[in-house]
Amino acid sequence: MTGTRKLNRYLQLLVMLALLALAIPCFARDILRTIEGTVTKVSDGDTIHVTDNFGTKVKVRFYGIDCPETEKSNKKTLKVSKPGQPYGEEAYVALRGKIYRKHVRLEVTDIDKYKRTVGIVWLGSRNINQEMVAEGWAWAYRDYLDSPYASEFIRLEEQAREQRLGLWQQANPEPPWEFRHKLKAKGKRRR
């Protein structure tokens, strides 16, 4: 091969690598902003409240995961207003034990239809979203997962299933999105 041919091949390779590098961010979930603050409330296994350093309260839905639903009760009457799922309470307790009253960093990826901030929650270098999946407290929420997180979250879920961790101790756990859909359909039939 002549020197010119080698140079042309080298330049072609560089151009291809540059185009590939430009294409990768298109698939990655963009971080819109970062919030730091203290977890002041844990609502369930995938929803928390964070108060930032300026006193602003933010309701946060964990990106890319879906935990079993917890039972909801009327605070005055203590009557159950919404049933929960197996392992919903355990997922809540696991999350609360990890981050309640701790200083976290939130990488905001979106705002959902309920006006909640959606994001990745970090406790130091620990990705709490991934930990919840890895420990069997959450599904990798495939409908809402993008690169670079999708493959890792799915891999962690598969490992938790194989090891029968958390909710995977059940023979055939019902995904929370199906549970919510059934509750919604049942509520419409009552009207």
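First things first, this report covers the structure right here in the doc. (Residues numbered from 1 in each chain as written. Predicted model: local features only at pLDDT ≥ 70, side-chain atom pairs only at ≥ 80, totals over all residues. Heavy atoms only, no water.)

## Regarding the pairing of strand E7 (residues 103–111)
And then number 1: As defined by bridge partners, strand E1 (residues 33–44) adjoins E7 across six bridges and the pair is classed as antiparallel. Paired with Thr 34 across the bridge in E7 is Glu 107.
And then number 2: In the sheet, E7 pairs with strand E8 (residues 117–123) via six bridges, with the strands oriented antiparallel. Residue pairing across strands places Glu 107 opposite Ile 120, the latter belonging to E8.
And then number 3: Remark: five residues form the turn of the hairpin made by E7 and E8, two consecutive strands paired antiparallel; Lys 115 in that turn has positive phi of roughly 70 degrees. (Pairing = 2+ DSSP bridges. Helix = DSSP H or I, 4+ residues; strand = E, 2+ residues; numbered from the N terminus.)

## Re helix H4 (residues 150–163)
And then number 1: End to end, H4 covers 20 Å across 14 residues, agreeing with the expected 20 Å (1.5 Å per residue, within 8%).
And then number 2: Every buried residue of H4 is listed here: Ala 150, Phe 153, Leu 156, Glu 157 and Ala 160. For H4, the angular spread of buried residues about the axis comes to 140 degrees, placing them on one side. Turned more than 90 degrees away from the buried face of H4 sit Ser 151, Glu 162 and Gln 163, all of them exposed.
And then number 3: In this fold, the buried residues of H4 make contact with strand E4 (65–66), E8, helix H3 (128–134) and strand E10 (139–140).
And then number 4: Just downstream of H4, Arg 164 is the residue with a positive phi angle, here 55 degrees. (Expected span 1.5 Å × (residues − 1). Buried < 20%, exposed > 50% of the residue type's maximum accessible area, 1.4 Å probe, protein only. Arc of directions from axis to C-beta. Contact = heavy atoms within 4.5 Å.)

## Digging into the packing of aromatic side chains
And then number 1: The tally for this structure, following the rule as stated, stands at seven aromatic pairs.
And then number 2: An angle of 65 degrees between the planes, with centres 5.6 Å apart, marks the rings of Tyr 63 and Tyr 149 as edge-to-face. Here the residue Tyr 63 occupies a position in the loop between strand E3 (57–62) and E4, and Tyr 149 occupies one in the loop between E10 and H4, the gap between them amounting to 86 residues.
And then number 3: On the basis of relative accessible area, Tyr 149 is assigned to the buried category, the value being 13%.
And then number 4: Following the ring pairs from residue to residue traces out a cluster consisting of Trp 139, Tyr 141, Tyr 144, Trp 168 and Trp 177. (Phe/Tyr/Trp six-rings, centres within 6.5 Å; stacked < 30°, edge-to-face > 60°.)

## Notes on unusual backbone geometry
And then number 1: Note the cis peptide between Ser 147 and Pro 148, where omega equals 5 degrees.
And then number 2: Following the sequence through the fold, Pro 148 ends up in the loop between E10 and H4.
And then number 3: At Leu 78, a position not held by glycine, the phi torsion is positive, near 60 degrees.
And then number 4: With respect to the helices and strands, Leu 78 occurs in the loop between strand E5 (72–73) and strand E6 (80–82).
And then number 5: The exposed category is assigned to Leu 78, whose relative accessible area is 65%.
And then number 6: Look at Arg 164: it is not a glycine, yet its phi comes out positive at around 55 degrees.
And then number 7: With a relative accessible area of 46%, Arg 164 lands in the partly exposed category.

## Some words on the pairing of E8
And then number 1: Most of E8 is tucked away: seven of the seven residues are buried.
And then number 2: Note: E3 against E8, three bridges, orientation parallel. Bridging from a neighbouring strand, Val 60 pairs with Thr 117 of E8.
And then number 3: Of the strand pairs in this sheet, E8 and strand E9 (residues 126–127) are connected by two bridges, and their pairing is antiparallel. Opposite Leu 123, over in E9, you have Arg 126 as the bridge partner.
And then number 4: The hairpin formed by E8 and E9 contains two residues between the paired strands, and Gly 124 there has a positive phi angle of roughly 65 degrees.

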